[in-house]
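Spelled out from the first residue to the last, the chains are:
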Amino acid sequence: MDLKSISEILLGAKKIGITYHVSPDGDAVGSVLALLQGLRIINKDAYIISKDKLSENLNYLPASNEVTGNITEPTQDTDVVIVLDCGNLERVCANLSNFNGVLLNVDHHLSNDFYGDSNYVDTTASATAEIVYELLGLLGVDLSIDNEKTLNVATCLYTSLVTDTGCFRHSNVTDRTLLIASNLKKIGVNNTYIYQSLFDNKEFDRVRFIGKVISNMKLVLGGKVALIELPNSFANEFSIEIGDTSDIISYGLQIKGVEVTLLIKEVENGVKCSLRSKNDVDVRKIAEIFGGGGHTKAAGISVKDKSINEAKEILLKEIEKEL
Ligand SMILES: [Mn+2]
């Protein structure tokens with residue numbers, strides 16, 4: 001399905017629920033809040049569905065206060081639900097089991113399995129926000145007018161671009177990414193404020209925790225793989241919640257000669273693993289073997305009922321094959 005048809009379904013909808021993937025990251029949240037506020041500019045009835053609350057560093061986003069964690073399924077009279085930035089139905093941050101309306105799936109993950117009634121997946125988009133930007137244009141939201149409402153949308157979209165491209169350094173950046181960023185800057189986004197809110201905003205204990213984690217990092221498989229283990233005991237020591245780990249995993253790839261970073265975090269009934277690749281290793285392929293997914297250079301897996309040590313052993317075996 002093309003994006004124009006998606007926009008027509010939205011324009012014809014009476015009440016639109018918007019959601020994303022569980023543990024929503026900057027792209028998911030930015031995309032959802034941009035679409036929400038864009039739809040309101042053209043007077044559509046829309047709201048956010050989210051089982052999760054937002055991580056604290058995203059609270060600066062306009063309309064982020066509408067993510068309460070209390071609206072967990074479509075409300076009455078919702079005829080369309082649109083899921084952004086989510087590759088499969090199991091990862092949708094909403095309970096859709098009683099929903100009989102139209103489900104739209106708009107995403108950029110290679111591992112997307114087309115679970116919607118209508119699907120639009122563009123894997124060349126660095127962030128889902130690139131697609132949302134285009135979609136807003138098709139919906140008739142004019143982002144060239146600069147006022148407070150369009151600036152709010154722009155701040156959300158820009159946040160998505162920054163977070164999914166590692167501040168415009170990853171290989172997923174295209175001329176379109178930078179063109180959109182340029183257009184958002186024209187509206188007046190404050191790129192320094194966005195960067196500082198996202199990254200220069202950590203609690204001291206978080207930074208000390210990261211110090212401990214990095215001291216315990218190991219190089220394995222001939223120095224090509226950085227292994228980061230995050231047992232709960234580390235977090236307890238600094239009285240913090242581990243939460244989002246994208247700030248931690250990035251340290252692995254900073255090491256000379258490292259091609260892949262594997263981060264294993266202890267969670268309730270198992271572990272969560274994140275993979276990052278510097279160059280040619282397709283970590284999505286590795287993640288998919290264990291029921292995970294993502295992108296070529298960034299992927300994730302949830303492993304139930306395994307310890308850090310068990311997960312480490314089976315994952316490193318698969319990584320070794322790809323090196
Ligand atoms: Mn994304």
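Quick notes on the rules
Residues numbered from 1 in each chain as written. Predicted model: local features only at pLDDT ≥ 70, side-chain atom pairs only at ≥ 80, totals over all residues. Heavy atoms only, no water. Axes fitted to C-alpha atoms, helices over the stretch in contact; angles between N-to-C directions. Helix = DSSP H or I, 4+ residues; strand = E, 2+ residues; numbered from the N terminus. Parallel < 35°, antiparallel > 145°, perpendicular 65-115°, else oblique. Left-handed = near helix turned anticlockwise from the far one by under 90°. Contact = heavy atoms within 4.5 Å. Nonpolar A, V, L, I, M, F, W, Y, C, P; charged D, E, K, R; others polar. Salt bridge = Lys/Arg side-chain N within 4 Å of Asp/Glu carboxyl O. UniProt positions renumbered as here; feature names shortened; annotations may be inferred. Donors = N, O, S within 2.8 Å, 3.2 Å for Na, K, Ca; no water. Buried < 20%, exposed > 50% of the residue type's maximum accessible area, 1.4 Å probe, protein only.

**Student:** What exactly am I supposed to notice about the packing of helix α4 (residues 148–164) against helix α6 (residues 191–199) here?
**Tutor:** The relative placement of two packed helices comes down to the angle between their axes together with the axis-to-axis distance. It is at 10 Å that the axes of α4 and α6 come closest, and there the two elements cross at 60 degrees. As summarised for this structure, α4 and α6 are arranged oblique, according to the angle between their axes. Seen along the crossing, α4 lies across α6 with a hand that is right-handed. Between α4 and α6, the contacting residues are T155, Y158, T159, V162 and T163 on the first element and N191, I194, L198 and F199 on the second. Taken together, the residues that form the contact of α4 with α6 break down as five nonpolar, four polar and no charged.

**Student:** Where do I start with the pattern of salt bridges in this structure?
**Tutor:** For side chains of opposite charge, pairing can occur when their charged atoms come near one another. Applying the stated criterion across every chain, the model contains 14 salt bridges. K312 serves as the salt-bridge partner of E229, at 3.3 Å between the closest nitrogen and oxygen. Remark: K312 occurs in helix α11 (residues 308–322) and E229 occurs in strand β7 (residues 225–230); sequence separation between them is 83 residues. Here K321 makes a salt bridge to E318, at a shortest N to O gap of 3.1 Å. Residue K321 and its partner E318 are located together in helix α11, separated by three residues, close to a single helical turn.

**Student:** Teacher, can you tell me more about the UniProt feature "domain: DDH" (unreviewed entry) in the protein chain here?
**Tutor:** UniProt records the feature "domain: DDH" (unreviewed entry) at residues 15–159, using the numbering of this structure. As annotated, residues 15–159 comprises 28% helix and 17% strand, and the C-alpha atoms at either end are separated by 26 Å.

**Student:** Honestly, the coordination of the manganese ion in this entry has me stumped. Any pointers?
**Tutor:** In a perfect tetrahedron of four donors around a metal, the angles come out at 109.5 degrees. In a perfect octahedron of six, they are 90 or 180 degrees. The manganese ion binds to the protein through D27 (OD), D85 (OD), H108 (NE2) and D164 (OD); the donor distances cover 2.2 to 2.3 Å. Binding-site remark: the manganese ion is held by donors from one chain whose sequence spacing is D-x57-D-x22-H-x55-D. Of the two residues, H108 sits in the loop between β4 (102–107) and β5 (118–121) while D164 sits in helix α4, which places them 56 residues apart along the sequence. A relative accessible area of 16% places D164 in the buried class.

**Student:** What should I look at first to understand the environment of G188 in this one?
**Tutor:** Looking at the element boundaries, G188 is found in the loop between α5 (175–187) and α6. Residue classification places G188 among the partly exposed residues on the basis of a relative accessible area of 38%. Separated by 37 residues in the primary sequence, G188 and L151 have C-alpha atoms spaced 6.5 Å apart.

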